[in-house]
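# Descriptive structure summary
Spelled out from the first residue to the last, the chains are:
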Amino acid sequence: MAVSGVFASDQNIVANRVGDFASSLLQVNPTGSAPMFALTAGMESQEAQDTIVNWFEEVKLTGRKQITSVNGDGDSTDFDVSDVSDYIVGTVLLNETTSEYVLVTAISGSTMTVTRGIGGSTQTTMTTSHFFQRIGVGFEEGSALPTAVVNLGDVRFNVTQIFRNSWNITGTAKAIKFHTGNQAAKNRADCAFFHAEDIERSLMWGKKHIGSLNSKPFRLMDGLTVQGTNHGAQITSQSTNVQWADLVGHFKNIFEKNIKGKPNERIAFCGNSVLQVVGEIAALDGTQNVQPGQTDFGMQVTKLITPFGNISLMTHPLMNENAIWTKNLYTFHPGAIRVRWLRRTNIEGYDKDGQRVSGVDADQGVYTSELSVQLMAAQTAGHYTGIDTAAAAS
């Protein structure tokens, strides 16, 4: 039960007053309902200078390009590829399907001209289903200065969000003795709990919005899951008959990318349904790749051991209050998350020295925070949704 507004003397649990016959307090809360927010205390953070947070992100240029157009028949020397911007004259390419090597001799717009069948490879008909793989570059003696290539990267942005939670208690309610202790202190503690949980929900599932409210600027930030979806996280959706190979295949794609200078490690959050399925898979396969009861990042986790890296898996209490979220698995690189603080949490109280606001007969206070969050290198993250039932390896 929640009490909204000023906490009055008749709004506590029945029989909680000392003058009553009995006392009881049962507060049912998920244990540690803000694990991501807690973990960010040990991650990199940075002060924000504005309500709009910008950052630049460079993604490694891939050497693999699909042929999008063959200008002529399959024996043509002119091709368009999915992105020619990082190819220069002198680039050596391999057709993955036919094993033919070619040398780029000219580039005009999106079209490149090549010399076919170099290195004694066999010239074979090429189609738009084929991919070129970059092998390197080669130049003749006394060659001219080659064309320079710069990786400009992309601009990302998020906005800061204001979080506010207040507490209060009437002077009468504060004066009454309760078996459960200082009610004013409890109300402050509840306020802190709600504040952290609101930040946690937005960190995980927030959706960016810029507008106005009460004729004042109003902003909501993109959370980590939305940023991952929008910027290249590995997305897998499967409901029934999830096998260990399915999980490993998902994690394989996540571990293929890492952040320069950071350990290639991952943390993952899930609901109890996912944890149950993971346990059932381990039982069905007799695998030792699932190790429950481990401690990592100061929290109780389940370790998933894969050929590509280990995942520290922990249940997220808030995901268990939702029938959809409890079946989801969100994986992140700890080095890819950065909280941007415009205003760190400030606590204002109006009960010290008997002060009151506008003569109101109540003690009150408010927690205020303004922050945003960055998910960098989203390709190192993953979302596996709808995990419902387990299956043995086929």
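These figures come from a predicted structure and were not determined experimentally. (Residues numbered from 1 in each chain as written. Predicted model: local features only at pLDDT ≥ 70, side-chain atom pairs only at ≥ 80, totals over all residues. Heavy atoms only, no water.)

## As for the pattern of salt bridges
Inspection of every chain in the model, using the stated rule, returns 13 salt bridges. Between Glu96 and Arg64 there is a salt bridge, and its shortest N-O distance comes to 2.7 Å. A residue pair is termed long-range when its members are at least 10 positions apart, and Glu96 in the loop between β5 (91-95) and β6 (101-108) and Arg64 in strand β3 (residues 64-70) qualify at 32 residues. The exposure class assigned to Arg64 is partly exposed, which follows from its relative accessible area of 38%. For Asp222, the salt bridge goes to Lys208, with nearest N and O atoms at 3.8 Å. On the criterion of sequence distance, the pair formed by Asp222 in the loop between β12 (216-220) and α4 (224-230) and Lys208 in the loop between α3 (183-205) and β11 (209-213) is long-range, its members being 14 residues apart. According to the relative accessible area criterion, Asp222 is buried, its value standing at 7%. One continuous salt-bridge network, built from bridges that share partners, spans Lys65, Asp83 and Asp86. (Salt bridge = Lys/Arg side-chain N within 4 Å of Asp/Glu carboxyl O. Helix = DSSP H or I, 4+ residues; strand = E, 2+ residues; numbered from the N terminus. Buried < 20%, exposed > 50% of the residue type's maximum accessible area, 1.4 Å probe, protein only.)

## Quick word on the nonpolar core
Of all hydrophobic cores here, the largest spans 33 residues; its most connected members are Met36, Phe269, Phe332 and Ile337. Those residues within four positions of Ile337 in sequence are excluded, and the remaining contacts are Met36, Thr40, Met43, Glu44, Leu224, Phe332, Val373, Gln374 and Leu375. Core analysis: the next-biggest nonpolar cluster, separate from the first, contains 22 residues, Ile254, Val277, Ala282 and Leu329 among them. (Core = buried A, V, L, I, M, F, W, Y, C linked by side-chain atoms within 4.5 Å. Contact = heavy atoms within 4.5 Å.)

## A closer look at the sheet that holds β6
Strand order in the closed barrel made by the 6 strands is β3-β4-β7-β6-β5-β8, with antiparallel pairing throughout. Averaged over all neighbouring strand pairs, the angle between strand axes comes to 50°, with direction disregarded. Here 3 bridges tie strand β4 (residues 78-81) to strand β7 (residues 111-115), and the two strands are oriented antiparallel to one another. By the bridge assignment for β7, Asp78 is matched with Thr113. (Pairing = 2+ DSSP bridges. Axes fitted to C-alpha atoms, helices over the stretch in contact; angles between N-to-C directions.)

## Some remarks on the pairing of strand β8 (residues 131-137)
As paired strands, β3 and β8 are joined by 3 bridges and run antiparallel to one another. Paired with Arg64 across the two strands is Gln133, which belongs to β8.

## Thoughts on the layout of surface pockets
The calculated volume of the second largest pocket comes to roughly 460 Å³. Taken together, 21 residues line the second largest pocket, and the ones lying closest to its centre are Glu58, Asn258, Ile259, Met376 and Ala377. Secondary-structure elements contributing two or more residues to the lining of the second largest pocket are β2 (52-57) and β19 (337-349). Of the residues forming the lining of the second largest pocket, the biggest block, 3 residues, is contributed by β2. (1 Å grid on protein atoms, 1.4 Å probe; cavity = no way out; pocket = protein on both sides within 12 Å on 5 of 7 lines; lining within 4 Å. Points joined across faces, edges and corners; volume = space filled by probe spheres on them.)

## Focus on the sheet that holds strand β10 (residues 161-170)
Spatially, β1-β19-β20-β10 is the arrangement adopted by the 4 strands of the open sheet, whose pairing is mixed. The open sheet has two edge strands, β1 (45-47) and β10, and neither has a second partner. Looking at each pair of strands side by side, their axes are set apart by 30° on average, direction ignored. In the sheet, β10 pairs with strand β20 (residues 362-375) via 10 bridges, with the strands oriented antiparallel. The residue bridging Thr170 from the neighbouring strand is Ala362, located in β20. This element, α3, spans β10, β19 and β20 of the sheet and lies at about 160° to β10.

## A look at the environment of Met319
On the secondary structure map, Met319 appears in the loop between β17 (309-315) and β18 (329-332). By relative accessible area, which is 0% here, Met319 ends up buried. When the C-alpha atoms of Met319 and Phe269 are compared, they prove to be 8.6 Å apart, with 50 residues separating the residues in sequence. Not counting residues within four places of it along the chain, the set of residues in contact with Met319 comprises Trp205, Phe269, Cys270, Gly271, Trp325, Thr326, Asn328 and Tyr330.

## Looking at helix α5 (residues 244-255)
Its 12 residues place the ends of α5 16 Å apart at the C-alpha level, agreeing with the 16 Å of an ideal helix rising 1.5 Å per residue. For α5, the set of buried residues is Trp244, Leu247, Val248, His250, Phe251, Ile254 and Phe255. Mapping the buried residues of α5 onto a view down its axis gives an arc of 160°, with all of them on the same face. (Expected span 1.5 Å × (residues − 1). Arc of directions from axis to C-beta.)

## Some points on the environment of Thr97
Within the secondary structure layout, Thr97 lies in the loop between β5 and β6. On the accessibility criterion, Thr97 (53% relative accessible area) is exposed.

## A few points about the side chain of Gln374
Among the structural elements, Gln374 can be located in strand β20. Here Arg340 takes part through its side chain, which lies 2.5 Å from a polar atom of the side chain of Gln374. (Polar contact = N/O pair within 3.5 Å; in protein donor to acceptor, adjacent residues only side chain to side chain.)

## Considerations on the environment of Thr229
Here Thr229 shows up in helix α4. On the basis of relative accessibility, which here comes to 49%, the residue Thr229 falls in the partly exposed class. Here the alpha-carbon distance between Thr229 and Gly382, two residues 153 residues apart in the chain, equals 8.5 Å. Sequence-distant contacts of Thr229, defined by excluding residues within four places in its chain, comprise Ile235 and His383.

## Section: the pairing of strand β21 (residues 382-385)
Consecutive side chains along a regular strand alternate between the two faces of the sheet. Bridge count between strand β13 (residues 234-237) and β21: 4 bridges; the pairing is parallel. Counted as the bridge partner of Ile235 is His383 from β21. As defined by bridge partners, β18 adjoins β21 across 3 bridges and the pair is classed as antiparallel. Note on β21: the bridge partner recorded for Thr331 is Gly382.

## Thoughts on the side chain of His130
Tracing the backbone through its elements, the reader meets His130 in the loop between β7 and β8. Take His130: its relative accessible area is 8%, and that puts it in the buried class. Those residues in contact with His130, other than ones at most four positions away along the chain, are Lys65, Gln66, Ile67, Asn95, Thr97, Thr98 and Thr125.

Geometric descriptors of this kind do not, in isolation, establish any biological role.
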